[in-house]
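A structural walkthrough
Residues per chain are reported as follows:
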Amino acid sequence: MQIKPMIRNNICLNAHPAGCAANVRRQIEYAKKNLSKDENTPKLALIVGCSNGYGLASRICAGFGYGAVTVGLSFENEPSEKRMGTAGYYNNKAFDNEAGKASLVSVSLNGDAFSGETKAASFEAVRKASAKAGIPAKIDLFVYSLASPVRTDPKTGVMYKSVIKPIGDAFSGKTLNMMDGAFSISKAEPATEEEIFNTVKVMGGEDWELWMDALENEGLLSSRTRAVAYTYIGPELSWAIYKNGTIGRAKEDLERACRDINRRLTEKNKICGAWVSVNKALVTRSSAVIPIIPFYISCLYKVMKGMGLHEGCAEQITRLYRGRLYTPNAAQGAGAVPVDSENRIRIDDWEMRDDVQKAVIEKMEKITPENVFSETDVAGFKHDFLETHGFDVEGVDYDAEVNITD
Ligand code: NAD
């Protein structure tokens, strides 16, 4: 069969296996060129949320940039005779395939990261992978890169759903349809206390803490372990729906969890350190559905590309590793990691530069339906979105027949 993208309301319903594989290979080439291992770089990495976006780039950079053994966990649909797999399924497959060719040990697990069973299966996989590579079963790098709409609490069995809503006042903002450049107004009523609580349960830091505690109980941590989880802050114009909304509340809890992990583990010398890294706004499955963000990103990309500052996931994570977590001073430990006053790593520094933000805000004020294609990078947004699902990737023959279960 031939596969063409099926897109509804900034959500892509299918994926192209060959395009996903080509996209993974492109990021691998970038990581190989821009990172190199030394005695301080990770040898064994566990990546939770490894199949897409920031987690996929984190895995590629650890595996192909530093030669680390990688165990990756994600929650993706596998293909069947009747139904395609999700992009993340094909990304994982491509990653393992390329790792095999490069003699890198990799294991990809498909399961719900929030469940105790999946955590146990991941620990088992870490032990097996490290034994295969002949290295100690001690995780040097733990990346927590989940973006999930639901979570079942493993202790109570209660399922919580996250929502993207403002807190306090209703939100109304311009949203951009990347396919045709049409604007519409997106509205959201303020979240109830229950919705705020539920979103914190799903996207907050509780599960990250459960992972760290379980890893410690299993003896899989060491004073070399660096743990990182990702967040976004963004410009003030998005705060009503993001930073000051339900997701922002959950991200505050992620930072609270980071402080607690550092108190429990770093201060007792059980790990090197835990950090929340503030990353740049990028087009991923998750970000495309947040109101105002597609419009903002389309303007941001235009400005950052114009200034030669644009980065994708692989470039961001390369800078996170090379310039923050594993600098030439990494042997000095956690103190050598550059952080802001809140102990957060900032790789959103270029996005948040005053000159960049000023140019983006000015641009957003001038955009009309008539000039949206020439004055913003909505085309780049659309390309990146399609690419995330394996479409619009250079060098891929989209007229060729595809076997979806391959
Ligand atoms: P993404 O949608 O591209 O990837 C999410 C990953 O989580 C996938 O691998 C998916 O399989 C996995 N996942 C979801 N539910 C799971 C579950 N129950 N069990 C196991 N795996 C599960 O997301 P992304 O945009 O790369 O976001 C990753 C993190 O980075 C999030 O915490 C997000 O807030 C943060 N972040 C994103 C941006 C951005 O612009 N995209 C910017 C800054 C920070």
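Everything here concerns the structure above.
In this report, the structure presented in the accompanying data block is examined. All values reported here derive from a predicted model rather than from experimental measurement.

With that settled, consider helix H8 (residues 293–306). Helix length check: H8, at 14 residues, gives a terminal C-alpha distance of 19 Å against a target of 20 Å (1.5 Å per residue), a fit within 8%. Taken across its 14 residues, H8 has 11 buried, putting it largely inside the fold. Along H8, the residues classified as buried are Ile-293, Pro-294, Phe-295, Tyr-296, Ile-297, Ser-298, Cys-299, Leu-300, Tyr-301, Val-303 and Met-304. On its buried face, H8 is in contact with strand E9 (171–176), strand E10 (183–188), helix H10 (354–366) and helix H12 (378–388). One or two residues past the end of H8 sits Gly-308, with phi positive at roughly 70°.

A separate point is the site of the ligand. As a matter of local geometry, the ligand sits amid 29 residues, with Ser-51, Glu-76, Ala-113, Thr-284 and Ser-286 nearest to it. Across the complex, the protein chains shield 95% of the 840 Å² of accessible surface that the ligand would expose by itself. Listing elements by their share of the shell around the ligand, those giving two or more residues are helix H2 (53–66) and strand E11 (226–231). For the shell around the ligand, a count of residues per class yields 11 nonpolar, 13 polar and 5 charged.

Where helix H5 (residues 193–203) contacts helix H7 (residues 246–266), the two axes come as close as 8 Å, and the packing angle between them is 50°. Here H5 lies oblique to H7, going by the angle between them. H7 is crossed by H5, and the crossing has right-handed handedness. On H7, the residues touching Ile-196, Thr-199, Val-200 and Met-203 of H5 are Thr-246, Ile-247, Arg-249, Ala-250, Lys-251 and Asp-253.

Quick look at the nonpolar core now. Among the nonpolar cores identified, the biggest contains 84 residues, and Tyr-321 and Leu-325 are the most heavily contacted of them. Among the elements that take part in this core, H8 stands out by supplying 9 residues, more than any other. In this structure, Leu-325 is in contact with Leu-141, Arg-226, Val-228, Trp-275, Leu-320, Ala-330, Val-337 and Ile-345, ignoring residues within four places of it in sequence. One finds Leu-44, Leu-46, Val-48 and Phe-142 within the second-largest nonpolar core, a separate group that totals 33 residues.

The next thing to look at is the side chain of Asn-198. Turning to its location among the elements, Asn-198 is positioned in helix H5. Asn-198 sits in the buried class, given a relative accessible area of 14%. Setting aside anything within four residues of it in sequence, one finds Asn-198 in contact with Tyr-160 and Lys-161.

Right, let's talk about the packing of H8 against H12 for a bit. Helix-helix packing is characterised by the crossing angle of the two axes and by the distance between the axes. Running from N to C, H8 and H12 point in directions that differ by 110°, and their axes come no closer than 8 Å. By the angle between their directions, the pair H8 and H12 is classed as roughly perpendicular. Mapping the contact onto sequence places Pro-294, Ile-297, Ser-298, Tyr-301 and Lys-305 in H8 and Val-378, Gly-380, Phe-381 and Asp-384 in H12. In the contact of H8 with H12, the residues fall into 5 nonpolar, 2 polar and 2 charged.

Spatial ordering of the open sheet is given by E5-E4-E3-E6-E11-E12-E13, a layout of 7 strands whose pairing is parallel. Since the sheet does not close on itself, it has two edges, and those belong to strand E5 (106–110) and strand E13 (345–346), each with one partner. In this structure, strand E3 (residues 44–48) lies alongside strand E6 (residues 141–144), joined through 4 bridges in parallel fashion. Its bridge partner lying in E6, Val-48 is registered against Tyr-144. Packing against the sheet, helix H6 (residues 206–217) makes contact with E3, strand E4 (69–74), E6, E11 and strand E12 (273–278), and its axis sits at approximately 155° to E6.

Burial analysis of E12 places 6 of its 6 residues in the buried class, which makes it a mostly covered element. A two-sided burial pattern is seen for E12, the buried positions comprising Gly-273, Trp-275 and Ser-277 on one face and Ala-274, Val-276 and Val-278 on the other. Here E11 pairs with E12 via 6 bridges, running parallel. Note on E12: the bridge partner recorded for Ala-227 is Ala-274. Taken together, E11, H7 and E12 constitute a β-α-β crossover, and its handedness is right-handed. Inspection of the sheet shows E12 paired to E13 by 2 bridges, in the parallel sense. Each residue of the ladder has a partner; that of Val-278, found in E13, is Arg-346.

Time to look at the environment of Val-356. When you line up the elements, Val-356 lands in helix H10. Expressed as a C-alpha distance, the spacing of Val-356 and Tyr-301, which sit 55 residues apart in the sequence, is 10 Å. Apart from residues lying up to four places away in sequence, Val-356 is in contact with Leu-300, Val-303, Met-304, Met-307, Leu-309, Trp-350 and Glu-351.

Another point: the packing of aromatic side chains. In this structure the tally under the stated criterion is 13 aromatic pairs. Between the aromatic rings of Tyr-321 and Tyr-326, the centroid separation amounts to 6.1 Å while the plane-to-plane angle is 80°, which identifies the pairing as edge-to-face. Through successive ring pairs, a cluster of aromatic residues spans Tyr-66, Tyr-321 and Tyr-326. It is Lys-243 that lies over the ring of Trp-239; its NZ or CZ is 4.1 Å from the centre. Over the ring of Trp-350 we find Arg-319; its NZ or CZ atom is 3.6 Å from the centre of that ring.

Right, let's talk about the pattern of salt bridges for a bit. In total, this model carries 30 salt bridges according to the counting rule given. With its nearest N and O atoms 3.0 Å apart, the salt bridge here joins Arg-256 to Asp-260. On the criterion of helical spacing, the pair formed by Arg-256 and Asp-260 is a turn pair, its members being 4 residues apart in helix H7. Taken together, the shared-partner salt bridges in this structure form one network comprising Glu-209, Asp-213, Asp-253, Arg-256, Asp-260, Arg-263 and Arg-264.

Cut-offs and rules
- Residues numbered from 1 in each chain as written.
- Predicted model: local features only at pLDDT ≥ 70, side-chain atom pairs only at ≥ 80, totals over all residues.
- Heavy atoms only, no water.
- Helix = DSSP H or I, 4+ residues; strand = E, 2+ residues; numbered from the N terminus.
- Expected span 1.5 Å × (residues − 1).
- Buried < 20%, exposed > 50% of the residue type's maximum accessible area, 1.4 Å probe, protein only.
- Contact = heavy atoms within 4.5 Å.
- Near = heavy atom within 4 Å.
- Areas by Shrake-Rupley, 256 points an atom, 1.4 Å probe, with all protein chains shown as cover.
- Nonpolar A, V, L, I, M, F, W, Y, C, P; charged D, E, K, R; others polar.
- Axes fitted to C-alpha atoms, helices over the stretch in contact; angles between N-to-C directions.
- Parallel < 35°, antiparallel > 145°, perpendicular 65-115°, else oblique.
- Left-handed = near helix turned anticlockwise from the far one by under 90°.
- Core = buried A, V, L, I, M, F, W, Y, C linked by side-chain atoms within 4.5 Å.
- Pairing = 2+ DSSP bridges.
- Right-handed = clockwise from strand over helix to strand, strands pointing away.
- Phe/Tyr/Trp six-rings, centres within 6.5 Å; stacked < 30°, edge-to-face > 60°.
- Lys NZ or Arg CZ within 6 Å of the ring centre and 35° of its normal.
- Salt bridge = Lys/Arg side-chain N within 4 Å of Asp/Glu carboxyl O.

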